[in-house]
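Listed below, chain by chain, are the residues.
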Amino acid sequence: MPKPKTDSKERLIEAASRLFAQQGYQATGLSQIVEESGAPRGSVYFLFPEGKEQIAVEALKLSADRIRHLLHSTAENSDTVTDWIRRIAASMAQSLEESDFRSGSPLAAVTLDCVNEGNSSLGQACHRAYDSWIEDAAHLLQHKYGMDRAEAEKLAVSAIAAIEGAVILCRARRSTEPLSIVAERIAEWVP
């Protein structure tokens, strides 16, 4: 059965997410997003009257939701924190390899590009996205894996930071080894 076509709004958000993951926010132009999406050019300002920044906020929400889904879906099949972390790292490594190391975390790329825009809607979207990952990871560590709240929150922050950094190193080295190393180190942090 053929896959149904997505509407213009979804195509623009998907294209922006892909492009930000590959080249960051500053290097991605609105024209490039439109071209990549295949959406009608005239629909952009109707759907996103605030332009590229509004598309980026939506793309970050999409990316954050995908990682949140990854956190939960890998936890469903993992009996231990160590197994859970390894599954997350393996999934991210697979995505890196499938993109030939051209695509990483759109959230990291946009955050680095917009670090001085903390009060903008884009800066706030970055903040909310990372917070949602940390909250979900801490919740799973506490409620599924039995960690106390304070330790769960510390491990969640540490793991998210380490994994995001590992993804950047993987792209630089064109190797998934940094993710493997980080997954093993995070396992050692589990109380």
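All chains use their own residue numbering, which begins from 1 and follows the written sequence. pLDDT decides what is reported in this predicted model: residues at 70 or higher carry local features, side-chain atom pairs at 80 or more are listed and counted, and totals for whole chains, interfaces and linings draw on all residues regardless. To obtain the side-chain values, all non-hydrogen atoms of the structure were used and water was disregarded.

Asker: Looking at this model, I keep getting lost on the packing of aromatic side chains. Mind explaining?
Answerer: Note on ring pairs: Phe, Tyr and Trp rings are taken, using the six-membered ring of Trp, and paired if centres are within 6.5 Å. Classes follow the plane angle, with under 30 degrees stacked, over 60 edge-to-face and the rest tilted. Taken as a whole, this structure holds three aromatic pairs when the rule is applied. Look at tyrosine 130 and tryptophan 133: their rings are 5.3 Å apart centre to centre, the planes differ by 80°, and that puts the pair in the edge-to-face class. A residue pair is termed a helical-turn pair when its members lie 3 or 4 positions apart in one helix, as tyrosine 130 and tryptophan 133 do in helix H7 (residues 121–143) at three residues. The exposure class assigned to tyrosine 130 is buried, which follows from its relative accessible area of 19%. The helix and strand labels rest on DSSP assignments: H or I over at least four residues marks a helix, E over at least two residues marks a strand, and numbering proceeds from the N terminus. Burial status follows relative accessibility: with a 1.4 Å probe on protein chains alone, a residue under 20% of its type maximum counts as buried, one over 50% as exposed, and anything between as partly exposed.

Asker: I keep staring at the pattern of salt bridges and nothing clicks. Help me out?
Answerer: Here the idea is simple: oppositely charged side chains can pair when their charged atoms come close. The salt bridge criterion pairs a side-chain nitrogen of Lys or Arg with a carboxyl oxygen of Asp or Glu, the two atoms within 4 Å. Taken as a whole and judged by the stated rule, the model has eleven salt bridges. Aspartate 100 serves as the salt-bridge partner of arginine 102, at 3.7 Å between the closest nitrogen and oxygen. Judged by relative accessible area, which is 36%, aspartate 100 ranks as partly exposed.

Asker: Sorry if this is basic, but what is going on with the environment of glutamine 26 here?
Answerer: Mapped onto the elements, glutamine 26 comes out in the loop between helix H1 (8–23) and helix H2 (30–37). By relative accessible area, which is 48% here, glutamine 26 ends up partly exposed.

Asker: Help me understand the environment of serine 105 in this model?
Answerer: With respect to the helices and strands, serine 105 occurs in the loop between helix H5 (81–98) and helix H6 (106–113). Residues serine 105 and serine 17 lie 88 residues apart in sequence; the distance between their C-alpha atoms is 9.1 Å. Discounting residues that sit within four places of it in the chain, serine 105 has contacts with Ala21, Trp133, Glu164 and Val167. In the analysis that follows, any N or O atom pair within 3.5 Å is treated as a polar contact, provided that within protein one partner can donate a hydrogen and the other can accept it, and provided that, for residues neighboring in sequence, both atoms belong to side chains. At 3.0 Å, the side chain of serine 105 and the side chain of glutamate 164 are in polar contact. The contact criterion used throughout is that any non-hydrogen atoms of two residues lie within 4.5 Å.

Asker: Explain the layout of surface pockets here, please?
Answerer: With a probe scaled to a water molecule rolled over the atoms, the places where space remains empty come into view. Looking at the largest pocket, its volume works out to about 570 Å³. In the cavity and pocket records, a cavity denotes points on a 1 Å grid over the protein atoms alone where a 1.4 Å probe fits but cannot get out, a pocket denotes an open set with protein on both sides within 12 Å along at least 5 of 7 lines, and lining residues are residues with an atom within 4 Å of a point. As for the largest pocket, its lining consists of 21 residues, and the residues nearest its centre are Ile67, Ser95, Ser103, Gly104 and Pro106. Taken together, the elements giving at least two residues each to the lining of the largest pocket come down to H1, helix H4 (52–76), H5 and helix H8 (149–173). The greatest single-element share of the lining of the largest pocket, amounting to five residues, is contributed by H1. Three categories are distinguished: nonpolar for Ala, Val, Leu, Ile, Met, Phe, Trp, Tyr, Cys and Pro, charged for Asp, Glu, Lys and Arg, and polar for the others, with Gly belonging to the last. Residue classes in the lining of the largest pocket are distributed as eight nonpolar, nine polar and four charged. Grid points are joined across faces, edges and corners, and a volume is the space filled by probe spheres set on the points.

Asker: Help me understand the state of the cysteines in this model?
Answerer: Two cysteines, two sulfur atoms, one covalent bond between them: this is a disulfide. In this description, a disulfide is simply a cysteine sulfur pair whose atoms lie within 2.5 Å. Applying the stated criterion across every chain, the model contains zero disulfides. The thiol of cysteine 126 is unpaired, and the distance to the nearest cysteine sulfur, on cysteine 114, comes to 6.0 Å.

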